[in-house]
Amino acid sequence: MIRNLQDEILKLKEEKKVTILAHSYQSPEILEIADFTGDSYKLSVVAKDLDCDTVLMCGVRFMAETVKMLSPEKKVILPVSYATCPMAEQISPQRVLDFKKDHPDYVVVAYVNTTTALKAVCDVCVTSSSALKIVKAIPQKNILFIPDRNLGSYIKKMLPEKNIVLWDGYCPVHNAVTVEDCETAKKLHPNAKILMHPELPAEVLEYADVVGSTAAIIEYAKNTDEECIIGTEKSIADYLNLVRPTGRYYQLSKKLICPDMRFTTLSDVCQALKGLGGEEIILNPEMANQARRTIDEMIRLGQ
Ligand code: 13P
Ligand code: SF4
């Protein structure tokens, strides 16, 4: 059944000259039919230079909007229109404008998990893998970081030379993990390395041996013979156990499941390719242009 659907998708994709991008949190059967997979940073870089007319973005809305922003001439489709990231709308563009008016000497840094309207009023974007490098490279000392207080406080801790003001947003999935979850996982697997995404709360990150983006966690875990406790969305530990059955990968907490990332199924991808489902991303061109500056700036500073 899965194989048949995958074959149909591969045929349709070829016929219609569609490129499929999939975030690493997608299911293994979707990752298998994608042309490019990776974390938010890799997908942003890839999206800039795609040679095709249509892109299908398997992930959540802000990821599809980022692709559209970077390739305005292409048709960009989100297979499931209600797959969104709750964190992306935790601050309104007006609040950012108000802050900028009161604090003209601040640079506003937006996590990539934000809407196009928000990016359009910010100065530079970051992803979890590029945040440290980019914030360090910003010449100004004063920074407002939106919306993730957890990623923001990790950067603040690592870059004490900067004056970073945090917004009070968070990822509801990563933020739900507690110190008790870490204690339990450590008791169950005392010899395991603990790999954590910086969207986890600061007190939880104290338990980390490695802090990194989805891609950095996969890279580390694939190349070590040690047991690993994976502190990010469940799909990553599942993926690692699938591609490397000899490895020993454990989930940090059962709470690490992102419902929005799980909405997209092979059948949604197939329907979207047939033009029977999904949503074409349409952005206000002026707003998209403004927002694009922040991604271009991220890629420039991240090189
Ligand atoms: P990455 O930047 O690691 O891809 O993370 C995106 C995300 O939504 C994490 O929850
Ligand atoms: Fe958003 Fe969190 Fe889901 Fe990532 S895991 S898409 S940050 S809700």
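Relevant structure appears above.
Residues numbered from 1 in each chain as written. Chains lettered and ligands numbered in written order. Predicted model: local features only at pLDDT ≥ 70, side-chain atom pairs only at ≥ 80, totals over all residues. Heavy atoms only, no water.

Burial along strand 11 (residues 228-231) is two-sided: Cys 228 and Ile 230 facing one way and Ile 229 and Gly 231 facing the other are all buried. The pairing of strand 9 (residues 193-196) with strand 11 spans four bridges and is parallel. Residue pairing in the sheet places Met 196 in a bridge with Gly 231 of strand 11. Where strand 11 and strand 12 (residues 249-251) come together, three bridges link them in parallel fashion. (Buried < 20%, exposed > 50% of the residue type's maximum accessible area, 1.4 Å probe, protein only. Helix = DSSP H or I, 4+ residues; strand = E, 2+ residues; numbered from the N terminus. Pairing = 2+ DSSP bridges.)

Sheet architecture is open: four strands sit in the order 10-9-11-12, paired in parallel fashion. Looking at which strands have only one partner, the edges of the open sheet turn out to be strand 10 (210-211) and strand 12. Relative to the sheet, helix 12 (residues 234-243) contacts strand 11 and strand 12, its axis offset from that of strand 12 by approximately 160°. (Contact = heavy atoms within 4.5 Å. Axes fitted to C-alpha atoms, helices over the stretch in contact; angles between N-to-C directions.)

Interaxial distance between helix 3 (residues 40-48) and helix 4 (residues 61-70) falls to 8 Å at its minimum, and their mutual angle equals 30°. Considered as vectors, helix 3 and helix 4 are oriented roughly parallel to each other. Along this stretch, helix 3 crosses helix 4, giving a crossing that reads as right-handed. Counting all contacts with helix 3, which are made through Ser 40, Ser 44, Ala 47 and Lys 48, the residues of helix 4 involved are Met 63, Thr 66, Val 67 and Leu 70. Here the residues of the contact of helix 3 with helix 4 sort into four nonpolar, three polar and one charged. (Parallel < 35°, antiparallel > 145°, perpendicular 65-115°, else oblique. Left-handed = near helix turned anticlockwise from the far one by under 90°. Nonpolar A, V, L, I, M, F, W, Y, C, P; charged D, E, K, R; others polar.)

Attention now goes to the site of ligand 2. The environment of ligand 2 is made up of Tyr 25, Cys 85, Pro 86, Met 87, Asn 113, Cys 171, His 174, Glu 199 and Cys 258. Here the shell around ligand 2 is composed, by residue class, of six nonpolar, two polar and one charged. (Near = heavy atom within 4 Å.)

Each strand in a sheet pairs with another by means of backbone hydrogen bonds, the pair being arranged parallel or else antiparallel. With respect to topology, four strands assemble into an open sheet ordered 6-5-7-8, the strand pairing being parallel. Lying at the two open borders of the sheet, with one neighbouring strand each, are strand 6 (124-126) and strand 8 (163-166). On average, adjacent strands in this sheet sit at an angle of 30° to one another, irrespective of strand direction. Sheet topology places strand 5 (residues 107-111) next to strand 6; three bridges connect them, and they run parallel. Each bridged residue has a counterpart across the sheet, and for Ala 110 the counterpart in strand 6 is Cys 125.

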